[in-house]
Amino acid sequence: MVLSVQNAPETLNRKPLDRDISTQAANTKSSSSDIIDIPVAWPRLPAMEYIAPYLHQIDANRWYSNQGPLCEAFQERLGRFWGMAYDNIALVANATTGLTLALRAQALRQGSRCLMPSWTFVASAAAVAAADLVPHFVDVDPDTWIPDPDTIEDLARSPDVGAILIVVPFGSPIDLAVWDAVSQRTGRPVIIDAAAAFDTLRSDGPMRIGKSTVVVSLHATKVFGIGEGGAVISRDPVLAEHIRTLARFGFSGSRSAQSPGINAKISEYTAAVGLAGLDVWAETRSHWDALTRLYLGLLPASVRLPPAFGHNWVASTLAVICPEKSQPVAETLARRGIGTVSWWGSGCHTQPAYAGYPREHLPTTQQYGYRGIGLPFYQDMTEEQVTRVCATLRDVLPEEAKLL
């Protein structure tokens, strides 16, 4: 079975690339002599043939940025995909900026604390800091991979807590109504970092958008990518318009800045990639779904999958929790030509930039930090490659293990 007809990556049989995972295949804890022929990621955006008609429209319109007709169309189509209206969507340059603007739109006191999980990608903490808030790291539940709502609610009653940021783990659906209720009872706004949840949030998907603001990433590594980009979703059209205003220098209907905004717009060229991606989304999703099904049938039982993995949603990563430290697993996989990555590392609190911020006791974050591993997962993987990855895991992991 071949999950995609596209040729294998050009980096096959080359040495691992020592560069940022965000835009290229990468490997974890492999030696310079290891040759990685199954990279951990290989992003794939719509082919030129699908983008070209929109580029011709740009040439004809001579409108290249500043909410042009393609951006308008893209915003409207994304709204329909998520079961929302055009006015409920704010397009932004990237999801990190979207999170920052969503927090800034709440007019919070500068320097107040934002409760958030430490076990997430560092961009979440960067967004909080950029909003002039103080990240306060909390632990996650080992089963749900998100913070415990009761714990967050207790902490949020402190007068110096301004906001709550909850991360949707690797696209796994969470009950957003629970967090709307926490927000209502505490009076603290909840922002949902749903970077990987493009498909999970679709109108007939498993996660329903509630009152809390939701931010989705459209980065090239995501299940639906446009290169760089993001979207902020709010059921409050006034709030969504405020975020759009902040993203265009604070301008609202004139060249008079109404708020201290920034430039976070996307160009017509970016919108062209997005529109082409929506045109072929059904095919793209089928590749991700086939890959998901194949892995589900072959992975050893001793690894813990993301919650509800494969249950009516798709994502572009496969992060699993090993029953033991993942470093030896990654090294064995590398020796056999298989790339891995620690997507979230050992938690934001271990990053030098955020090590000094307040935090609760983080036992699950610590455990998952050294037991988590990202396996190869991209549209072009073949059945043979997936089988090889899973067979190697079965060789190196115990048949049965007690998971945390």
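As the structure is a computational prediction, the values presented were derived from the model and not from experiment. For every chain, the first residue of the written sequence is number 1, and numbering continues from 1 onward in sequence order. Confidence filtering applies because this is a predicted model: local features only for residues at pLDDT of at least 70, side-chain atom pairs given and counted only at 80 or more, and all residues used for totals across whole chains, interfaces and linings. For the side-chain quantities, the full set of heavy atoms in the structure was used; hydrogens and water were omitted.

A. Quick peek at the packing of helix H1 (residues 48-61) against helix H8 (residues 268-279). All axes are obtained by fitting lines to C-alpha atoms, using only the stretch in contact for helices, and the reported angles, taken between N-to-C directions, cover 0 to 180 degrees. Labels follow the DSSP assignment, with helices taken as runs of H or I lasting at least four residues and strands as runs of E lasting at least two, numbered in each case from the N terminus. For the pair H1 and H8, interaxial distance at closest approach is 8 Å and the crossing angle is 145 degrees. Taken as a pair, H1 and H8 cross one another with a handedness that is right-handed. Residues Tyr50, Ile51, Tyr54, Leu55 and Ile58 of H1 form the contact with H8, whose participating residues are Glu268, Tyr269, Ala272, Val273, Leu275, Ala276 and Asp279. Considered class by class, the residues forming the contact of H1 with H8 number 10 nonpolar, no polar and 2 charged. Take the far helix as your reference; a near helix turned counterclockwise from it by less than a right angle gives a left-handed crossing, and one turned clockwise gives a right-handed crossing. Residues count as neighbours in contact if any of their non-hydrogen atoms are within 4.5 Å of one another. Gly counts as polar in this scheme, as do all residues outside two lists: the nonpolar Ala, Val, Leu, Ile, Met, Phe, Trp, Tyr, Cys and Pro, and the charged Asp, Glu, Lys and Arg.

B. Molecular detail of unusual backbone geometry. We note that asparagine 66 has phi near 60 degrees; this positive angle belongs to a residue other than glycine. Of note, asparagine 66 is situated in the loop between H1 and helix H2 (69-81). Of the residues examined, asparagine 66 reaches a relative accessible area of 52% and is grouped as exposed. Non-glycine residue aspartate 132 carries a positive phi angle of around 65 degrees. Note on placement: aspartate 132 falls in the loop between helix H4 (122-130) and strand E3 (134-138). Only protein chains enter the accessibility calculation, which uses a 1.4 Å probe; a residue is then buried when its area is under 20% of its type maximum, exposed when over 50%, and partly exposed in between. Taking relative accessible area as the criterion, aspartate 132 reaches 43% and is therefore assigned partly exposed.

C. Spatial organisation of the pattern of salt bridges. Salt bridge, as used here: a side-chain nitrogen of Lys or Arg that lies within 4 Å of a carboxyl oxygen of Asp or Glu. Overall, the coordinates contain 15 salt bridges when judged by the stated rule. Across the pair aspartate 143 and arginine 304 runs a salt bridge, and its minimum N-O distance is 3.5 Å. Taken together, the positions of aspartate 143 in the loop between E3 and helix H5 (149-156) and arginine 304 in the loop between helix H9 (281-298) and strand E8 (318-321) put the pair 161 residues apart, joining distant regions of the chain.

D. Here's a closer look at the pairing of strand E1 (residues 89-92). Burial along E1 is two-sided: the residues Ile89 and Leu91 and Ala90 and Val92 are all buried. With 4 bridges joining them, E1 and strand E7 (residues 230-233) adopt antiparallel strand pairing. The partner of leucine 91 across the bridge, within E7, is alanine 231. Between any two strands, at least two bridges found by DSSP are needed for them to pair.

E. Just the environment of threonine 144, in detail. Here threonine 144 is to be found in the loop between E3 and H5. Counting along the chain gives 30 residues from threonine 144 to isoleucine 174, while the straight-line C-alpha distance between them is 8.1 Å. Apart from residues lying up to four places away in sequence, threonine 144 is in contact with Pro169 and Pro307.

F. Local environment of the side chain of threonine 100. Positionally, threonine 100 belongs in helix H3 (residues 95-104). With residues up to four places along the chain from it excluded, the contact list for threonine 100 reads Ala127, Ala130 and Ala131.

G. Seen up close, helix H11 (residues 363-371). Taken as a whole, H11 has its buried residues at Thr364, Thr365, Tyr368, Gly369 and Arg371. Check the buried side of H11 and you find it contacts E3, E8, helix H10 (326-335) and strand E9 (372-375).

H. Broad picture of the layout of surface pockets. Reported here for the largest pocket is a volume of approximately 710 Å³. Surrounding the largest pocket, 32 residues form its lining, Phe121, Ala123, Ala195, Lys222 and Trp344 being those nearest its centre. In terms of residue class, the lining of the largest pocket is made up of 15 nonpolar, 13 polar and 4 charged. Space inside and on the surface of the protein is sampled on a 1 Å grid over the protein atoms alone, with a cavity defined as a set of points where a 1.4 Å probe fits but cannot get out and a pocket as an open set with protein on both sides within 12 Å along at least 5 of 7 lines; lining residues have an atom within 4 Å of a point. Grid points are joined across faces, edges and corners, and a volume is the space filled by probe spheres set on the points. The volume enclosed by the second largest pocket comes to roughly 420 Å³.

I. Quick look at empty space enclosed by the protein. Considering all chains together, one arrives at 2 cavities of 30 Å³ or more under this definition. What lines the largest cavity is a set of 15 residues, among which Trp119, Trp343, Trp344, Gly372 and Ile373 lie closest to the centre. At the level of secondary structure, the elements contributing two or more residues to the lining of the largest cavity comprise E8, H11 and E9. Across the lining of the largest cavity, the residue classes break down as 10 nonpolar, 5 polar and no charged.

J. Region of the structure containing the nonpolar core. Counting residues in each nonpolar core, the largest one holds 79 residues, and the members touching the most others are Phe74, Trp82, Phe198, Leu201 and Tyr295. By size, the runner-up hydrophobic cluster in this structure holds 41 residues, among which are Ala95, Ala102, Val140 and Val167. Among the buried residues, those of types Ala, Val, Leu, Ile, Met, Phe, Trp, Tyr and Cys that are joined through side-chain atoms within 4.5 Å form a nonpolar core.

K. Molecular detail of H9. In a regular helix each residue adds 1.5 Å, so 18 residues correspond to 26 Å; H9 covers 26 Å between its end C-alpha atoms and thus fits that length. Of all the residues in H9, the buried ones are Trp281, Thr284, Arg285, His287, Trp288, Leu291, Thr292, Leu294 and Tyr295. Contact partners of the buried residues in H9: H2, H8, E8, E9 and helix H12 (383-396). In this analysis, the expected span of each helix is defined as 1.5 Å times one less than the number of residues it contains.

L. Spotlight on the packing of aromatic side chains. Stacked, edge-to-face and tilted labels apply to pairs of Phe, Tyr and Trp rings (six-membered ring for Trp) whose centres lie within 6.5 Å, assigned for plane angles under 30 degrees, over 60, and everything in between, in that order. One pass over the structure, following the stated rule, counts 21 aromatic pairs. Measuring from ring centre to ring centre gives 6.0 Å for tryptophan 119 and phenylalanine 170, while their planes differ by 70 degrees; the resulting arrangement is edge-to-face. Placement of tryptophan 119 in the loop between strand E2 (113-117) and H4 and of phenylalanine 170 in the loop between strand E4 (161-167) and helix H6 (176-186) is noted, with a sequence separation of 51 residues between them. A relative accessible area of 4% places tryptophan 119 in the buried class. Geometrically, the ring pair formed by phenylalanine 198 and tryptophan 281 is edge-to-face, given 5.1 Å between the ring centres and 80 degrees between the ring planes. With phenylalanine 198 in the loop between strand E5 (190-193) and strand E6 (213-217) and tryptophan 281 in helix H9, this residue pair connects regions lying 83 residues apart in the sequence. Overall, the relative accessible area of 8% leaves tryptophan 281 in the buried class. Taken together, the aromatic side chains of Phe81, Trp82, Phe198, Phe224 and Trp281 make up a single cluster linked through ring pairs.

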